[in-house]
Amino acid sequence: MKMRDVVLSLAFVCAVAQLLSAGPKQTMLMNRLGPSQMTLYIANADGSGERPLFAISGFDYNPSFSPDGKWIAFTSERNGSGEADLYRVHVDGSGLERLTDDPALDDQAAFSPDGNQIAFVSTRGAHNASIWILDLKTRRVRNLTGAPTLQAAAGKMNGFFRPSWSPDGQWIAFSSDRNFDFMPHVYPDPAWEHPQELSIYVIHPDGSELRRLTPAGVSDGSPKWSPDGKRIVFYEVPTAQTFAARVYEQAMVTSQIVSVDVATDAKVEETSGPGLKVQPQYLSADRIAYLIKAGPNAGLAFTKGAPGVKGSLRNPAWSPDGEQVVYEKVDFTARPQNQVLYSWEPDMDVQYTDVFPRFSRDGRLAISDIKNLATVATASISVMNADGSNKKVVFSDKEGAAFVPTWSPDGQWIAFGFGGFFGARRTQPAKLMMVRADGSQESKDLTKGLPNSGFPTWSPDGKRIVYRVWGDGDYGLREMNLADGSVKTLTSELDNFPAFSPSGDVITFTRRSAKTDDYDIFTMRPDGTHIKQLTTAPGNDSHSSWSPDGKYILWSSARYGFKDEAPLYDNSFQPFAQIFIMRADGSDQHALTYSRWEDSMPAIVPPAA
């Protein structure tokens, strides 16, 4: 580890220790937008005759076969939800063995041809996804792509993914988004989540002779070598469609399976027609297997011969003899409220929550019930104890989504936005409302619906609500005086997610930069003056909340970039997001989570709970 990393790690420990030292072990609630379960299956090459790889599954994904076909390496979170390590197991499910135990993400294992080494993706050290090599005999690891000369320019994406060894063991192919900009996506509708442009590279296992095989302008991923080592096959998708490929617009995306001659760079399209096609693999010199991820023919497919089993499966890998395939099936059933998640900080417990958790002064929790933000356009408001018990729905209306509850200081009322948000805000109005917190369903409208209004925060003195507006040139943060209903303009830029500090003297919010199109965390006084920018890193920073003592700000940041190829994710708007913490003045910024998934909307459980 570099001295800089040691210093940052010590600073992180000190900062979090100060937050937690005032009392007993604290709990952080957060949302994780990702699968609730992933299960490995093994089957005949076409997907028939499948059986679970394990009698009792862990949270397992991204499998691959050893060269002799006797082992399957895979990623598992069985040590804690969010903490990913590499394991291997015999094809009959016996002999389970843990290969790595670092708290960083270890993922996407690929055996060397002699079976003695594994190339894999890890976020060790610099926190971005790099390719490492594990010696299976000594268990020593080294960073293959960590040399300074291989790193992207400052402020650019810098991820390395999906390694694949050449048959002679002399080269490793991989995909990378290095030097691609953090920018908002534009397809199918413009919004703030990032697309990803990937290129295929090769490098010697000693880290020498990096070579780029595919040009910029498209996204090429998941390279695999031909049996003779002369060609590499991969999927190719328009860069603009890499956001749609990971959310509910997957069926709108068309990609192709492409191969390239390693010596001449000559490309051949191996498939045609519609469908999101990913993760190809040579089964023989002239036959390629791949996955159709979405569309009417979703399932296993081949460039020659009959198609395989249809259905929703992910990350297939075929055995060296082409007789078997291993893959995962994914469950997106909502996690239980307050499910325990892995904590990278020993003095903090981490638990799952549905979206936009907010605590009252007496420790009650309000959330938006949405189950899955990627697929559900409605949401209700529920109130419960901090541990998830005694849950009660206090507002529900199928005509829209009720987002971001905020408590009145006396705990009697909850204000929230209701209507259309995110992509729906362009066509559907949204208004501020308030509802009784006792479940009586008594409610009041605070605004009329235009401009689109939402994301409120109640002042600690109970006199004002600050919220954001959007539409028809009317943007920014507004303050409503609850005594007379008057509204004051605080800001007029693309600002969102305001949050009063516990003392009420500062408001945090998110602002989009006109220069970079990134969102960053700002603070201001309640009257809109003394605006200060706290974050400047590339990638979006948002969803800020305060620690109960007002000394720290927690938020979600994209600065470490993607941890896998974007088209391989499902139901995840921002798979690059992780929870961070900083002092209220913006100093000592450090990550609290290091999962593969989208971690967001943090909230520290207050002492009153």
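It should be noted that the structure appears before, not after, this text.
Overview of the structure. (Residues numbered from 1 in each chain as written. Predicted model: local features only at pLDDT ≥ 70, side-chain atom pairs only at ≥ 80, totals over all residues. Heavy atoms only, no water.)

## Here we look at the nonpolar core
(1) Moving on: Membership of the largest hydrophobic core comes to 51 residues, with the highest contact counts inside it found for I131, I172, Y235 and W318.
(2) Moving on: When residues of this core are assigned to their parent elements, the largest contribution, six residues, is made by strand β21 (residues 287-294).
(3) Moving on: For W318, the residues in contact, after removing those within four places along its chain, are A45, F65, Q279, Q281, L283, A289, Y290, L300, F302, Q324 and V325.
(4) Moving on: Within the second largest apolar cluster, 14 residues are counted, among which are W192, A379, F497 and M601. (Core = buried A, V, L, I, M, F, W, Y, C linked by side-chain atoms within 4.5 Å. Buried < 20%, exposed > 50% of the residue type's maximum accessible area, 1.4 Å probe, protein only. Helix = DSSP H or I, 4+ residues; strand = E, 2+ residues; numbered from the N terminus. Contact = heavy atoms within 4.5 Å.)

## Notes on unusual backbone geometry
(1) Moving on: Here the amide bond leading from Y187 into P188 is cis, since omega sits at 0°, within 30 degrees of zero.
(2) Moving on: Here the residue pair L450 and P451 is connected by a cis peptide bond, since its omega of -5° sits within 30 degrees of zero.
(3) Moving on: Within the fold, P451 resides in the loop between β34 (443-445) and β35 (452-458).
(4) Moving on: Phi is positive for Q279, close to 55°, though the residue is something other than glycine.
(5) Moving on: Within the fold, Q279 resides in strand β20 (residues 276-284).
(6) Moving on: Of note, H530 is a non-glycine position whose phi angle comes to about 55°, a positive value.
(7) Moving on: Looking at where H530 falls in the secondary structure, it is placed in the loop between β41 (519-524) and β42 (532-533).
(8) Moving on: Judged by relative accessible area, which is 53%, H530 ranks as exposed.

## Here's the deal with the sheet that holds strand β14 (residues 199-203)
Strand pairs in the sheet, formed through backbone hydrogen bonds, run parallel or antiparallel to each other.
(1) Moving on: If you walk across this open sheet you meet the four strands as β12-β13-β14-β15, and the pairing is antiparallel. Only two strands of the sheet have a single partner each, and these edge strands are β12 (160-165) and β15 (211-212).
(2) Moving on: Examined bridge by bridge, β14 and β15 share two bridges and lie antiparallel to one another. Residue pairing in the sheet places V202 in a bridge with R211 of β15. (Pairing = 2+ DSSP bridges.)

## Quick notes on the pairing of strand β37 (residues 476-481)
(1) Moving on: In terms of burial, β37 is a largely internal element, five of the six residues being buried.
(2) Moving on: Where strand β36 (residues 464-470) and β37 come together, six bridges link them in antiparallel fashion. Note that in β37 the partner of I465 across the bridge is M480.
(3) Moving on: The turn linking β36 back onto β37 is made up of five residues, and G471 within it adopts a positive phi angle of 130°.
(4) Moving on: Pairing of β37 with strand β38 (residues 487-489) involves three bridges; the strand directions are antiparallel. Along β38, the bridge assignment pairs E479 with K488.
(5) Moving on: Where β37 folds back onto β38 in an antiparallel hairpin, the turn is made up of five residues, including G485, whose phi is positive at roughly 80°.

Functional significance is not addressed by these values, which are geometric in nature.
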